[in-house]
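Single-letter residue listing:
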Amino acid sequence: MEAKVMRIAILLAAITLAGCTTVDDFRKMSAQDRATRVCDRDPTVRSLRASRQSYLAGIQSAQEALGRGYRIHRQCQMVDVPTGKQSICEKRGEQTICKEASTTRKEERCKETPVAIQADNERRNVAEWSAAVAGLDTQIRGSYDLCYDRVFHMTPEQAFKLY
């Protein structure tokens, strides 16, 4: 959960910084900084990194299941939870009629159920996904290096257009 919160915070920071970057900022940057800034946002690099992260999450999940000996299936639903009563009054001519109504709020309630695992399948998945991560690491480095070499030689204006 902490990793997810951290990723969201980093993403929000990146979006905030990206929204504030101008061509003038790019003119003030070194060629290395411009290339890094552009290539960190390169769609291919980002897509490969997202795939890598997905595999890493699967590996972590499988290793946790292996450590426990079972997976946890979580089923959630939204339920109405009573929060008290509220008086609703209505005036009819000279008479005021009041009714009490229950108030509620929505709350998510979850039920966790242990589910048996096939340990051999989990280990095989970890091995396959680890190999996929290694392959993606190579692809990420290759894509990033190609981008970097291309952007490094661009003018600040050209680099900014790719940003």
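Residues numbered from 1 in each chain as written. Predicted model: local features only at pLDDT ≥ 70, side-chain atom pairs only at ≥ 80, totals over all residues. Heavy atoms only, no water.

Undergrad: How should I be thinking about the overall build of the chain in this particular structure?
TA: Along the chain, the regular secondary structure elements total 6 helices and 2 strands. The N-to-C order of helical and strand elements in the chain reads α-α-α-α-β-β-α-α. Per-residue burial over the chain gives 19% buried out of 163 residues. Expressed as a percentage of contacts within the chain between residues at least 6 apart in sequence, the contacts between residues at least 24 apart total 71%. Carbon together with sulfur atoms contributes 53% to the accessible area of the chain, which is approximately 12000 Å² in total. (Helix = DSSP H or I, 4+ residues; strand = E, 2+ residues; numbered from the N terminus. Buried < 20%, exposed > 50% of the residue type's maximum accessible area, 1.4 Å probe, protein only. Contact = heavy atoms within 4.5 Å. Areas by Shrake-Rupley, 256 points an atom, 1.4 Å probe, with all protein chains shown as cover.)

Undergrad: Sorry if this is basic, but what is going on with the packing of aromatic side chains here?
TA: Ring pairs (aromatic) are described by centroid distance and by the angle formed between their planes. Taken as a whole and assessed by the stated rule, the structure comprises 5 aromatic pairs. On the numbers, 5.2 Å between centres and 55° between planes, the contact of Phe26 with Tyr163 is tilted. In this pair, Phe26 sits in helix 2 (residues 23–28) while Tyr163 sits in the segment after helix 6 (156–162), placing the two residues 137 residues apart along the sequence. Take Tyr163: its relative accessible area is 16%, and that puts it in the buried class. Taken together, Phe26, Phe160 and Tyr163 form an aromatic cluster joined through their ring pairs. (Phe/Tyr/Trp six-rings, centres within 6.5 Å; stacked < 30°, edge-to-face > 60°.)

Undergrad: Before we go on, may I ask you to explain helix 4 (residues 43–68) in this structure?
TA: Helical periodicity: at 3.6 residues per turn, an α-helix aligns residues three or four positions apart in one direction. Compared with an ideal rise of 1.5 Å per residue, which puts 26 residues at 38 Å, helix 4 spans 37 Å between its outermost C-alpha atoms and is within 8% of the ideal. In the core, the buried residues of helix 4 are packed alongside helix 3 (31–40), strand 1 (70–92) and helix 5 (119–152). Phi turns positive, to about 95°, at Gly69, one or two residues after helix 4. (Expected span 1.5 Å × (residues − 1).)

Undergrad: What's the story with the environment of Thr103 in this structure? I'm lost.
TA: Along the polypeptide, Thr103 turns up in strand 2 (residues 95–116). With 18 residues separating them along the chain, Thr103 and Lys85 place their C-alpha atoms 5.5 Å apart. At 2.7 Å, the side chain of Thr103 and the side chain of Thr83 are in polar contact. (Polar contact = N/O pair within 3.5 Å; in protein donor to acceptor, adjacent residues only side chain to side chain.)

Undergrad: What is the right way to look at the packing of helix 3 against helix 5 in this model?
TA: Geometrically, a packed helix pair is captured by the angle between its two axes and the distance between the axes. Running from N to C, helix 3 and helix 5 point in directions that differ by 135°, and their axes come no closer than 9 Å. Of the possible angle classes, the one that applies to helix 3 and helix 5 is oblique. Taken as a pair, helix 3 and helix 5 cross one another with a handedness that is right-handed. Between helix 3, through Ala31, Gln32, Arg34, Ala35, Thr36, Val38, Cys39 and Asp40, and helix 5, the contact on the second element is made entirely by Tyr144, Cys147, Tyr148, Val151 and Phe152. Looking at the contact of helix 3 with helix 5, its residues break down into 9 nonpolar, 2 polar and 2 charged. (Axes fitted to C-alpha atoms, helices over the stretch in contact; angles between N-to-C directions. Parallel < 35°, antiparallel > 145°, perpendicular 65-115°, else oblique. Left-handed = near helix turned anticlockwise from the far one by under 90°. Nonpolar A, V, L, I, M, F, W, Y, C, P; charged D, E, K, R; others polar.)

Undergrad: Is there a simple way to think about the state of the cysteines in this case?
TA: Put plainly, two cysteines are in a disulfide when a covalent bond ties their sulfur atoms together. Scanning the model with the defined rule gives 3 disulfides in all. Disulfide pairing is shown between Cys39 and Cys147; the S-S distance is 2.1 Å. Around the S-S axis, the bridge from Cys39 to Cys147 shows a dihedral of about -95° and counts as left-handed. Taken together, the residues span a long stretch of sequence, with Cys39 in helix 3 and Cys147 in helix 5 at a distance of 108 residues. According to the relative accessible area criterion, Cys39 is buried, its value standing at 0%. For Cys76, the disulfide goes to Cys110, at an S-S distance of 2.0 Å. The S-S bond linking Cys76 to Cys110 shows a torsion near 110°; that makes this disulfide right-handed. Remark: Cys110 occurs in strand 2 and Cys76 occurs in strand 1; sequence separation between them is 34 residues. On the accessibility criterion, Cys76 (35% relative accessible area) is partly exposed. (Disulfide = S-S within 2.5 Å.)

Undergrad: What's the story with the nonpolar core in this structure? I'm lost.
TA: In terms of nonpolar packing, the biggest core is built from 12 residues, these being Phe26, Met29, Ala35, Val38, Cys39, Val45, Tyr144, Cys147, Val151, Met154, Ala159 and Tyr163. Of all the elements in the fold, those that place two or more residues in this core are helix 3 and helix 5. Those residues in contact with Cys147, other than ones at most four positions away along the chain, are Val38, Cys39 and Asp42. (Core = buried A, V, L, I, M, F, W, Y, C linked by side-chain atoms within 4.5 Å.)

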